[in-house]
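Residue-level structure breakdown
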Amino acid sequence: MTDLARRTAFGFLRLSLMMTLLVMVPAGSLGYWPGWLFLVSSLGSAGVIALWLLYADPALLERRLEVGAAAERQPTQKLIQAIASVIGIGLMVVPGLDWRFGWSTMPTALVWIGNLGIVAGYALCFLVFRENTWTFGTVQVSAGQTVVTTGPYAVVRHPMYASALFLFLFGPLALASWWAFVPAAAMVPSVMARIVAEERFLADHLPGYTAYQGEVRWRLVPGLW
């Protein structure tokens, strides 16, 4: 096993444990089946993408291992990522509490639709990785990096963040909690703030990005923003 494979496996196990604890412990019951289904759809999709990257684009996988507020180099992005991390924890914790205390009920059909949406979000994420090997986990520009204008990048300028919207939209459904839409909605402004700051940085440091902004109008969602 290569060093990259070991670090990827360790990171995935750590992520799996963290997500399982955040989702299942607040529920207070192993019978929280929407939580288990969400973990399978989310971690299963992430695991498949990680394996593909390990063999198809290990350089990109290496870049994706550097994520989070601590890894960011820009103070603004550190703050945005720190806030987003707190909200993200809430997005996983609130549904379990909802299940434990019976704050709301979700039809089973919507739970399945939610998980299909989660998988669709990861599918879009895969398309982004396949199209753009420069998809860093932090906001930065590397030597030799070029602007990607094909695939999903021909539709919106930030398809990676668009894939995250699937989690905010379908995650509460997958976790069977109407109350989870509160932290999900709170996550959207943080994503928008990150995009605005990131675009400022890219326009200053990535040749051709300003022209690309003129070619592709929409940042995140066609027809909206």
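Details of the structure are given in the entry above.
Cut-offs used in this document
- Residues numbered from 1 in each chain as written.
- Predicted model: local features only at pLDDT ≥ 70, side-chain atom pairs only at ≥ 80, totals over all residues.
- Heavy atoms only, no water.
- Patch = residues over 30% accessible without salt bridge, like charges linked within 9 Å, V, L, I, M, F, W, Y side chains within 5 Å.
- Areas by Shrake-Rupley, 256 points an atom, 1.4 Å probe, with all protein chains shown as cover.
- Salt bridge = Lys/Arg side-chain N within 4 Å of Asp/Glu carboxyl O.
- Helix = DSSP H or I, 4+ residues; strand = E, 2+ residues; numbered from the N terminus.
- Buried < 20%, exposed > 50% of the residue type's maximum accessible area, 1.4 Å probe, protein only.

The grouping of Phe-101, Trp-103, Trp-179 and Val-182 at the surface amounts to a nonpolar patch, some 470 Å² of accessible area in total. Within the secondary structure, Trp-179 sits in the loop between helix 6 (159–174) and helix 7 (181–205). Relative accessible area serves as the criterion here: at 46%, Trp-179 is assigned to the partly exposed category.

Take the pattern of salt bridges next. This model, assessed by the stated rule, comprises five salt bridges. Here Arg-7 makes a salt bridge to Asp-3, at a shortest N to O gap of 2.9 Å. Pair noted here: Arg-7 and Asp-3 are both in helix 1 (residues 3–24), with a separation of four residues, about one helical turn. The exposure class of Arg-7 is partly exposed, given its relative accessible area of 33%. By relative accessible area, which is 42% here, Asp-3 ends up partly exposed. Here Arg-157 ties to Glu-199 by a salt bridge, and the two come within 2.7 Å at their closest N and O atoms. Taken as a pair, Arg-157 in the loop between helix 5 (108–131) and helix 6 and Glu-199 in helix 7 lie far apart in primary sequence, 42 residues in all. Taken as a pair, Arg-157 and Glu-199 share a single burial class, namely buried. Sharing partners across several salt bridges, the network here consists of Asp-3, Arg-7 and Glu-62.

As a further point, take unusual backbone geometry. The residue Ala-176 is not glycine, and still its phi comes out positive at about 60°. Examined against the element boundaries, Ala-176 turns out to sit in the loop between helix 6 and helix 7. Judged by its relative accessible area of 9%, Ala-176 is buried.

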